Amino acid sequence: MDLTALRKTNPDHWAKASAIRALTLDAIHAANSGHSGMPMGMADVATVLFEKHLKFDASTPNWPDRDRFILSAGHGSMLLYSLLHLTGYADMTIEQIKNFRQWGAITAGHPEFGHAAGVETTTGPLGQGVANAVGFAMAEEIQRARYGKKVVDHSTYVIAGDGCLMEGISHEAIALAGRHELSKLTLLWDNNNITIDGTVDITDRTDQVLRFRAAGWRVIEIDGHDPVAIDEALSQANRGKKPTMIACKTHIALGSSAQDTSKGHGALTDPKLIADTKAAYGWTSGPFEVPADIKSGWEAIGARGIPARTDWESRFASISERKQGEFNRAYALEAPKRLSGAIRGLKKQLSEEAPKHATRKSSELVLGVINPVMGETVGGSADLTGSNNTRTDDLGVFMPENRGGRYVHYGIRELGMAAAMNGMVLHGGIRAYGGTFMCFTDYARPAMRLAALMKIPTVFVMTHDSIGLGEDGPTHQPVEHLAISRATPNTYVFRPADGVETAESWEIALTSKTTPSVMALTRQGLPTLRTEHKTRNLTAQGAYVLADATGKRQVILIATGSEVSIAMEARAMLEAEGIGTRVVSMPCMELFAEQDESYRRKVLPAGAVRIGIEAAVRQGWDQWLLGERARHKKAGFIGMTDFGASAPAEELYEKFGITADATVAMAKDLLSD
């Protein structure tokens, strides 16, 4: 490619784009690791986007009506870090650039939300950013319908590479965006035809242009190194009713000897290669040095959005104080004052009426009192609305004809749903929840993990949580999924035993600011166990004494969810034989682990036999059965050791030995040892 012609035709643009490329080369050389080629190849696209189209103000990074820029191809993180430094984000200093990928720096190997201003989401697992962007765009549509265009009117831009488009999540996200006509979403495809193993055609012959068009997108094809063509394409985006994909034909590792090769994807650290590449760019400054005129030009770009931001602040000040308060509360992730009262009222009703409901039905009842008082909730399901019970009548369905709808039919797209929900929460002003079967956390898990990593309070509603779902059989019966979710750091896994615990679990999930929640809910009906109303949220303690021994305490039964009622039945049988038995309901192990030792000792004192009861694998239980002052010879577990089977739920519990009789027999055996 003739770089001389590019330099001469658009010298100002070339100088700005070269600053990105030079900083990328310097940072990756210093770190001796990273991915040089993508930032070098997409510098022209990014320069035009930031200079002429992206609405942002570097001095006010969290301005709510800014355009959102997402780097789905997160391995090219130096593209984003260079842009943030050059445009004047205060925390992205040159020292941070110099410490790329080093301990304590905000310039992580892949962009991480919460580390640096201007990083809208954590990317790196390819394709996640594409689906996040769909969620951002949906959030913008929903909030524009709620607050009005004078308050919410912005666009979402996402850069995606060949790898992002190969990942299955991209299919889910692209189809969802096309169906919902997310016209303020623009995807910039870095079409460089290179992956780590070689050219794209060794693994894929998909015509991405036709693919996007088939999904309902508008597609524009351009030379990704021609700033005029880039500008014209971006000017055409966001027009009409379709999302836009701009296919940017680029050269990975532009200008280097590794251009258009797999080597160019990775870290270009050879000093001669770097010197030769900079010479080709006409870049004469030293490492990590940006000439003052180029830096000031970039800083002017960072300040370009100040008038738009101040105009927005004036418009925002003109709306009613009530609307301002609602907007600010939702963006601060503060629950409305009425929430606790609504939850308490429902708990009292459930305790008094004592219905026998599946906890998925209880969840629906809880959402019925939550959604009217929390206008920021957005629910959904991956084609299992009637099974997940996630829709309440007041929400309305989100569609092109109803942008104010707060319920999304995601289709059979569990991963796309989970990642889009993350995008909604990251956008700000929305509490997103969505449902599927617990077994299908397997599909959603990459996004669930990222929610935990990013410390965002997305709620994953997972119904049909055990062999209790019955005849659908082991393909749909989760046995290891509770353990998998509990093994994920910074995740609350709630498995409520009845409607009261379900209400308390939702209250915690919707007041959390930094922790996502997994709601593990039953298909089968369960008795109400909390028949004495308490205003206090006992689930917030993680575990509590549901029923104590009437005499000397000899046995402690610890159970979750549908097995708490089994524990209560076993307790009655043991107590009838004079064996003092305490039942501990443990709806959230993570919250119990957070309690101080004195409370944990009160709930799980030393001395007694301990038996855990859960229709799942034992993994994760030994913390409570063997630790916390317990004795190995006095501990047991009633649960699953293999996959389930296809049969009615009652028969499955009997065949797998998850019964009150089996619990009593184990307790007696442990007492006799």
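Residues numbered from 1 in each chain as written. Predicted model: local features only at pLDDT ≥ 70, side-chain atom pairs only at ≥ 80, totals over all residues. Heavy atoms only, no water.

Looking now at the pairing of strand S3 (residues 185-191). Counting buried positions over the 7 residues of S3 gives 7, a clear majority of the element. By the alternation rule, side chains of S3 split into Leu185, Leu187, Trp189 and Asn191 and Thr186, Leu188 and Asp190, which are all buried. Looking at chain direction, strand S2 (residues 156-161) and S3 are connected through 6 bridges and run parallel. Looking across to S3, one finds that glycine 161 is bridged to aspartate 190. (Buried < 20%, exposed > 50% of the residue type's maximum accessible area, 1.4 Å probe, protein only. Helix = DSSP H or I, 4+ residues; strand = E, 2+ residues; numbered from the N terminus. Pairing = 2+ DSSP bridges.)

Let us now look at the sheet that holds strand S14 (residues 544-547). A sheet is described by the order of its strands in space; here 5 strands give the open sequence S14-S16-S15-S17-S18, paired in mixed fashion. In this open sheet, the two strands that pair with only one neighbour each are S14 and strand S18 (635-638). Strand after strand, the sheet turns through a mean of 30° between neighbouring axes, direction not considered. Lying over the sheet, helix H22 (residues 563-576) contacts S14, strand S15 (553-559), strand S16 (580-585) and strand S17 (609-613), oriented at roughly 170° with respect to S16. (Axes fitted to C-alpha atoms, helices over the stretch in contact; angles between N-to-C directions. Contact = heavy atoms within 4.5 Å.)

What follows is about the packing of aromatic side chains. Counted by the stated rule, this structure contains 18 aromatic pairs. A centroid spacing of 5.3 Å and a plane angle of 85° characterise the contact between phenylalanine 50 and phenylalanine 69, whose relative ring orientation is edge-to-face. A residue pair is termed long-range when its members are at least 10 positions apart, and phenylalanine 50 in helix H3 (residues 37-53) and phenylalanine 69 in strand S1 (residues 68-71) qualify at 19 residues. We classify phenylalanine 69 as buried; its relative accessible area is 6%. Seen from their ring centres, tyrosine 492 and phenylalanine 494 are 6.0 Å apart, and the 65° between their planes marks the pair as edge-to-face. (Phe/Tyr/Trp six-rings, centres within 6.5 Å; stacked < 30°, edge-to-face > 60°.)

Turning our eyes to something else, we now look at the pairing of S2. Across the 6 residues that make up S2, a large majority, 6, are buried. Burial of S2 is two-sided: the residues Thr156, Val158 and Ala160 facing one way and the residues Tyr157, Ile159 and Gly161 facing the other way are all buried. When S1 meets S2, the two strands line up parallel, connected through 4 bridges. Opposite arginine 68, over in S2, you have threonine 156 as the bridge partner.

Now for the side chain of lysine 347. By the secondary structure assignment, lysine 347 is in helix H15 (residues 338-353). Note on lysine 347: relative accessible area 2%, which makes it buried. Beyond its immediate sequence surroundings of up to four residues, lysine 347 is in contact with Val500, Ala503, Glu504, Arg530, His533, Lys534, Thr535, Arg536 and Asn537.

All right, on to the confidence of the model for the chain then. A residue-level look at the chain finds 100% of positions with pLDDT of 70 or above and a mean pLDDT of 98. The lowest-confidence element of the chain is helix H1 (residues 3-9), averaging 89 in pLDDT; the highest-confidence one is strand S12 (residues 492-494), averaging 99. (pLDDT = per-residue confidence, 0-100.)

The final tally for this structure, using the stated rule, is 35 salt bridges. The partner of arginine 144 in a salt bridge is glutamate 140, and the shortest N-O contact between them spans 2.8 Å. Placement of the pair is arginine 144 and glutamate 140 together in helix H6 (residues 128-147), with a separation of 4 residues, close to one helical turn. Judged by relative accessible area, glutamate 140 falls into the buried class, the value being 1%. With its nearest N and O atoms 3.2 Å apart, the salt bridge here joins arginine 309 to glutamate 313. Of the two residues, arginine 309 and glutamate 313 both sit in helix H13 (residues 306-318), 4 residues apart, roughly one turn of that helix. According to the relative accessible area criterion, arginine 309 is buried, its value standing at 13%. Overall, the relative accessible area of 35% leaves glutamate 313 in the partly exposed class. One connected set of salt bridges, linked through shared partners, spans Glu597, Arg600, Arg601, Glu628 and Arg629. (Salt bridge = Lys/Arg side-chain N within 4 Å of Asp/Glu carboxyl O.)

The tally for this structure, following the rule as stated, stands at 6 cavities of 30 Å³ or more. A volume near 80 Å³ is recorded for the largest cavity. For the largest cavity, the full set of lining residues is Phe50, Leu54, Phe56, Pro61, Arg66, Asp67, Phe69, Leu80, Leu84, Tyr89, Gly118 and Glu120. Per-class residue counts for the lining of the largest cavity are 8 nonpolar, 1 polar and 3 charged. Here the second largest cavity is characterised by a volume of approximately 50 Å³. Lining the second largest cavity are Arg445, Met448, Phe460, Ser485, Thr488, Thr491, Pro516 and Val518. Residues that form the lining of the second largest cavity fall into these classes: 4 nonpolar, 3 polar and 1 charged. (1 Å grid on protein atoms, 1.4 Å probe; cavity = no way out; pocket = protein on both sides within 12 Å on 5 of 7 lines; lining within 4 Å. Points joined across faces, edges and corners; volume = space filled by probe spheres on them. Nonpolar A, V, L, I, M, F, W, Y, C, P; charged D, E, K, R; others polar.)

Here helix H27 (residues 660-672) is 13 residues long and its end C-alpha atoms lie 18 Å apart, about the 18 Å a rise of 1.5 Å per residue gives. If you check which residues of H27 are buried, you get Ala660, Thr663, Val664, Ala667 and Leu670. Down the axis, H27 shows its buried residues gathered within 130° of arc, on one side only. Facing away from the buried surface of H27 by more than 90 degrees, the exposed residues are Asp661 and Ser672. Those residues of H27 that are buried are in contact with S15, H22, S17 and S18. (Expected span 1.5 Å × (residues − 1). Arc of directions from axis to C-beta.)

In a packed pair of helices, the relevant descriptors are the angle between the two axes and the axis-to-axis distance. Running from amino to carboxyl end, H6 crosses helix H18 (residues 414-427) at an angle of 55°, the nearest separation of the two axes being 6 Å. Relative to H18, the element H6 is oriented oblique. Crossing handedness for the pair H6 and H18: right-handed. Residue-level contacts link Gln128, Ala131, Asn132, Gly135, Phe136, Met138, Ala139, Glu140 and Gln143 of H6 to Leu415, Gly416, Ala419, Ala420, Asn422, Gly423, Met424, Leu426 and His427 of H18. Along the lines of polarity and charge, the residues of the contact of H6 with H18 split into 9 nonpolar, 8 polar and 1 charged. (Parallel < 35°, antiparallel > 145°, perpendicular 65-115°, else oblique. Left-handed = near helix turned anticlockwise from the far one by under 90°.)

Moving on, we get to the layout of surface pockets. If you add up the space inside the largest pocket, you get close to 470 Å³. Taken together, 25 residues line the largest pocket, and the ones lying closest to its centre are Asn62, Arg66, Phe113, Leu426 and Gly428. Within the residue set of the lining of the largest pocket, elements represented by two or more residues are helix H14 (321-331) and H18. If one sorts the elements of the lining of the largest pocket by residue count, H18 sits on top with 3 residues. A class-by-class count of the residues in the lining of the largest pocket yields 14 nonpolar, 6 polar and 5 charged. Roughly 340 Å³ of internal volume is contained in the second largest pocket. Surrounding the second largest pocket, 16 residues form its lining, Gln524, Ser565, Ile566, Glu650 and Tyr653 being those nearest its centre. Put simply, the parts of the chain that give the lining of the second largest pocket at least two residues each are H22, helix H26 (649-655) and H27. Split by residue class, the lining of the second largest pocket holds 7 nonpolar, 5 polar and 4 charged.

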